[in-house]
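A closer look at the structure
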Amino acid sequence: MPVAIVGIGESRTGRLTGVSALRLTLEASRAAMQDAGVSASAIDGVLTRNLDMDVTYMHSQHIAKHLGIRPRFATDINLGGATAIAMLEQAALLISTGVCNIVLCAYGENRRTSWAFERHGKIRMGCEDFEECYGLTWGMGPHALAARRHMFEFGTTSRQLGMIAVAQRQHAIHHPNAAFREPLSLDEYERSPYLIAPLRKYDLAYIFDGGAAMVVAPMAWGRDHSAAPVSILGLGQAHSGEHIAYCANMVTTTTTPARQAGQQVFGAARMSRQDIDIALLYDDTTYGVLVQLEDFGFCRKGEGGPFVEAGHLGPDGDLPLNPHGGHLSQAHLDGMLHIVEAVRQLRGQAGRRQIRNASTALVSGFGGVFAASAAAILGAPGLPA
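Small disclaimer: the values here were computed from a predicted structure and weren't measured.

With that settled, consider the pairing of strand 10 (residues 360–367). For strand 10, the tally of buried residues reaches eight of eight residues, placing the bulk of the element in the interior. Burial along strand 10 is two-sided: Thr360, Leu362, Ser364 and Phe366 facing one way and Ala361, Val363, Gly365 and Gly367 facing the other are all buried. Pairing between strand 9 (residues 278–280) and strand 10: three bridges, direction parallel. When the sheet's bridge partners are listed, isoleucine 278 is paired in strand 10 with alanine 361. Note: strand 10 against strand 11 (residues 372–379), eight bridges, orientation antiparallel. Counterpart to leucine 362 in the pairing with strand 11 is isoleucine 377. Counted between consecutive antiparallel strands, the loop separating strand 10 from strand 11 contains four residues, among which glycine 368 sits at a positive phi close to 65°.

And the structure:
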């Protein structure tokens, strides 16, 4: 059964002192429901992700209760940065098997201002006794090691990574809900300090408070009830288990599960890389973007640096990257805002950052440290599902 995203919503983003993750989730959910034109009584599926340090029991039911939804199916999904697309896949399965008719997918966090993250967030993987005490901090440390390996094997440069950050900032300048909207030059990038070499200040995503949500429904329902249903043309997911805390060999490889996820999603959509108009790639670091460009097949392995340097990713490139600014310039919400932006772009509702003639988008997510990859290809309203 063809399935579509029929509603999107996002909350405020930034440093939102005193605003709970629950409030941000509900703010985004209500916006998505309004955008879809559905009431709480019409929704019978709720998928959420609770914060890593949040011990809320049955979080999805907690969200449903506050929204007045009585779901037929509700559950929490936590696949790290791959969660947003995992939600889409679960929603598609629920709808295509007849379990649910309309599914709400929602996530909000206040990790920027929450004391709980500062106190508990860093211990969630239980690896600090073996790694963090030597300076290998969660997330950016393993990315830095992998980036250094890529540089050693293929001659990738820091400046090429910087071009990714600059390209995304060019988009974010025109996004009213982006945290960073001031211009970023390559010179400024190269003057910025290393946080964990070879990654600099602008190579890393910043945690901010915010929320995002999507409403998913059958395409037939969307065409009857929504002005602009965005079709889910293909989905893919792959897992390597190569988490640095458990597999030291992770840092010796420059290939991620995005290779397998890409093969799945392009096969499911029956499309080639040349068919993609916009790429919304998970970007907790610039290196994560570069390696995905290779693994999804937009360029050959080892050629990510020259591909970036050729200018493909900016507003005028042939593969515009993260036109909302991504995690690097809008806000890090584990990939939820990537889907929201993809829908806006395919509807032609992105304002000054709108990519001309955009009809297809590839959206990706990474969970853990290259441990899980998920991908979706979305199509513009009117594109055959």
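Bringing the confidence of the model for the chain into the picture now. Looking at the chain, pLDDT values average 90 and 89% of them are 70 or higher. Below pLDDT 50 for its whole length, residues 116–129 participates in 20 contacts with residues either more than four positions away or in separate chains.

Topologically, glycine 348 is positioned in the loop between helix 13 (336–347) and strand 10. Using a relative accessible area of 48% as the deciding quantity, one classes glycine 348 as partly exposed. Separated by 33 residues in sequence, glycine 348 and proline 381 place their C-alpha atoms 9.7 Å apart.

A cis amide bond, omega 10°, links alanine 197 with the succeeding residue proline 198. Relative to the helices and strands, proline 198 is located in the loop between strand 5 (194–196) and strand 6 (199–200). A positive phi angle, close to 45°, is found at asparagine 322, a residue other than glycine. Tracing the backbone shows asparagine 322 in the loop between helix 11 (304–309) and helix 12 (326–329).

A separate point is the packing of helix 1 (residues 21–36) against helix 2 (residues 59–67). Interaxial distance between helix 1 and helix 2 falls to 11 Å at its minimum, and their mutual angle equals 60°. With respect to each other, helix 1 and helix 2 are oriented oblique. Crossing angle aside, the handedness with which helix 1 passes helix 2 is right-handed. Here Leu22, Thr25, Leu26, Ser29, Arg30 and Met33 of helix 1 lie close against helix 2, whose contacting residues are His62, Ile63, His66 and Leu67. A class-by-class count of the residues in the contact of helix 1 with helix 2 yields five nonpolar, four polar and one charged.

Between its terminal C-alpha atoms helix 6 (residues 158–172) stretches 21 Å, which fits the 21 Å expected from 15 residues at 1.5 Å a residue. With 13 of its 15 residues buried, helix 6 lies for the most part within the structure.

This part is about the pattern of salt bridges. In the structure shown here, the tally under the stated rule is 12 salt bridges. Arginine 111 serves as the salt-bridge partner of glutamate 109, at 2.9 Å between the closest nitrogen and oxygen. Comparing glutamate 109 with arginine 111, the two get one shared label, buried. One salt bridge in this structure joins aspartate 295 and lysine 301, with 2.7 Å as the shortest N-O distance. Its relative accessible area of 3% is what places aspartate 295 among the buried residues. Judged by relative accessible area, which is 24%, lysine 301 ranks as partly exposed. Each member of the salt-bridge network shares a partner with another, and the members are Arg49, Glu109, Arg111 and Asp334.

Criteria and cut-off values
Residues numbered from 1 in each chain as written. Predicted model: local features only at pLDDT ≥ 70, side-chain atom pairs only at ≥ 80, totals over all residues. Heavy atoms only, no water. Buried < 20%, exposed > 50% of the residue type's maximum accessible area, 1.4 Å probe, protein only. Helix = DSSP H or I, 4+ residues; strand = E, 2+ residues; numbered from the N terminus. Pairing = 2+ DSSP bridges. pLDDT = per-residue confidence, 0-100. Contact = heavy atoms within 4.5 Å. Axes fitted to C-alpha atoms, helices over the stretch in contact; angles between N-to-C directions. Parallel < 35°, antiparallel > 145°, perpendicular 65-115°, else oblique. Left-handed = near helix turned anticlockwise from the far one by under 90°. Nonpolar A, V, L, I, M, F, W, Y, C, P; charged D, E, K, R; others polar. Expected span 1.5 Å × (residues − 1). Salt bridge = Lys/Arg side-chain N within 4 Å of Asp/Glu carboxyl O.

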